[in-house]
Amino acid sequence: MKMKSTAVAALVMMTMMGGVASVARTQTPAPTLSARDQVFAAERAFARTMQDRDLAAFTRHLSKDAIFYGRGVDRGPAAVTASWKAFFDGPAPPFSWEPTSVEVVDSGTLALSTGPVRAPDGRQTSTFNSVWRLEPDGVWRVVFDKGCQCPP
């Protein structure tokens, strides 16, 4: 009787494992984002740091080689963060931005994102242009950023 229960248990176990294996084979893997969609997502997350008033998160989006144009040229995360700190002071963001266009080079390692910069009232005040690089750790980070007072 013990032999029969062991055989039944083994048969049930094999059936269950076979069922699990067949389910695993038929499930579709989660889709991966294209490089373009990854940069759109990275730029949106970068912009969200301003809305969230999170300067540390802002800094994590910067490449170690970051160059930002503003009143002058800031080189490196420390200089960029120091220049942008005042924008993060206070309870409300002084402006917002969002990407409307992203293009990625064929190698999939550099991208340009552009879009409007808006005042708190929603009025477009300028356009941003950011160059993103896919870094060795697999994370997209901003290398260059320059706004322009381009007409909308």
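Residues numbered from 1 in each chain as written. Predicted model: local features only at pLDDT ≥ 70, side-chain atom pairs only at ≥ 80, totals over all residues. Heavy atoms only, no water.

(A) Representation of the nonpolar core. By size, the foremost hydrophobic cluster in this structure holds 23 residues, and its most contacted members are Phe46, Phe58, Phe68, Trp84, Trp97 and Trp132. For this core, the secondary-structure elements that each account for two or more residues are helix H2 (35–52), helix H3 (55–60), strand E1 (62–69), helix H4 (77–88), strand E5 (110–118), strand E6 (124–134) and strand E7 (140–148). Counting residues per element, this core draws most heavily on H2, at 6 residues. Setting aside chain neighbours within four positions, we find Phe46 in contact with Phe58, His61, Leu62, Phe68, Trp97, Trp132 and Val142. (Core = buried A, V, L, I, M, F, W, Y, C linked by side-chain atoms within 4.5 Å. Buried < 20%, exposed > 50% of the residue type's maximum accessible area, 1.4 Å probe, protein only. Helix = DSSP H or I, 4+ residues; strand = E, 2+ residues; numbered from the N terminus. Contact = heavy atoms within 4.5 Å.)

(B) Highlighting the side chain of Glu43. Take Glu43: it is sitting in helix H2. Buried and unpaired, Glu43 has no salt bridge, with Arg44 as the nearest side chain of opposite charge at 9.3 Å. Side-chain polar atoms of Glu43 contact the side chain of Trp97, separated by 2.7 Å. (Lys, Arg positive; Asp, Glu negative; His and termini not counted. Salt bridge = Lys/Arg side-chain N within 4 Å of Asp/Glu carboxyl O. Polar contact = N/O pair within 3.5 Å; in protein donor to acceptor, adjacent residues only side chain to side chain.)

(C) Seen up close, the packing of aromatic side chains. Within this structure, the stated rule accounts for 12 aromatic pairs. When the ring of Phe58 is compared with that of Phe68, the centres are 6.4 Å apart and the planes differ by 75°; the resulting orientation is edge-to-face. Of the two residues, Phe58 sits in helix H3 while Phe68 sits in strand E1, which places them 10 residues apart along the sequence. Per residue, the accessibility class of Phe58 equals that of Phe68, and both read buried. (Phe/Tyr/Trp six-rings, centres within 6.5 Å; stacked < 30°, edge-to-face > 60°.)

(D) Region of interest: the confidence of the model for the protein. Taken as a whole, the protein shows an average pLDDT of 85; of its residues, 78% reach a score of 70 or greater. Note on residues 1–26: pLDDT is under 50 here. Beyond four places in sequence and across chains, it has 0 contacts. (pLDDT = per-residue confidence, 0-100.)

(E) Fine view of a nonpolar patch on the surface. Side chains of Tyr69, Val73 and Phe144 sit close together on the surface and give an oily, nonpolar patch of about 270 Å² of accessible area. By the secondary structure assignment, Val73 is in strand E2 (residues 73–75). Judged by relative accessible area, which is 47%, Val73 ranks as partly exposed. (Patch = residues over 30% accessible without salt bridge, like charges linked within 9 Å, V, L, I, M, F, W, Y side chains within 5 Å. Areas by Shrake-Rupley, 256 points an atom, 1.4 Å probe, with all protein chains shown as cover.)

(F) Up close: unusual backbone geometry. A positive phi angle is found at Arg53, which is not glycine, with a value near 60°. By secondary structure assignment, the location of Arg53 is in the loop between H2 and H3.

(G) Molecular detail of the side chain of Asp145. By the element assignment, Asp145 lies in strand E7. Of the buried charged residues, Asp145 lacks a salt bridge, with Lys146 as the closest side chain of opposite charge at 10 Å. Reaching out from Asp145, the side chain makes a polar contact with the side chain of Ser130 at a distance of 2.6 Å. Among all residues touching Asp145, those that are not within four sequence positions of it are Ile67, Phe68, Tyr69, Trp84, Asn129 and Ser130.

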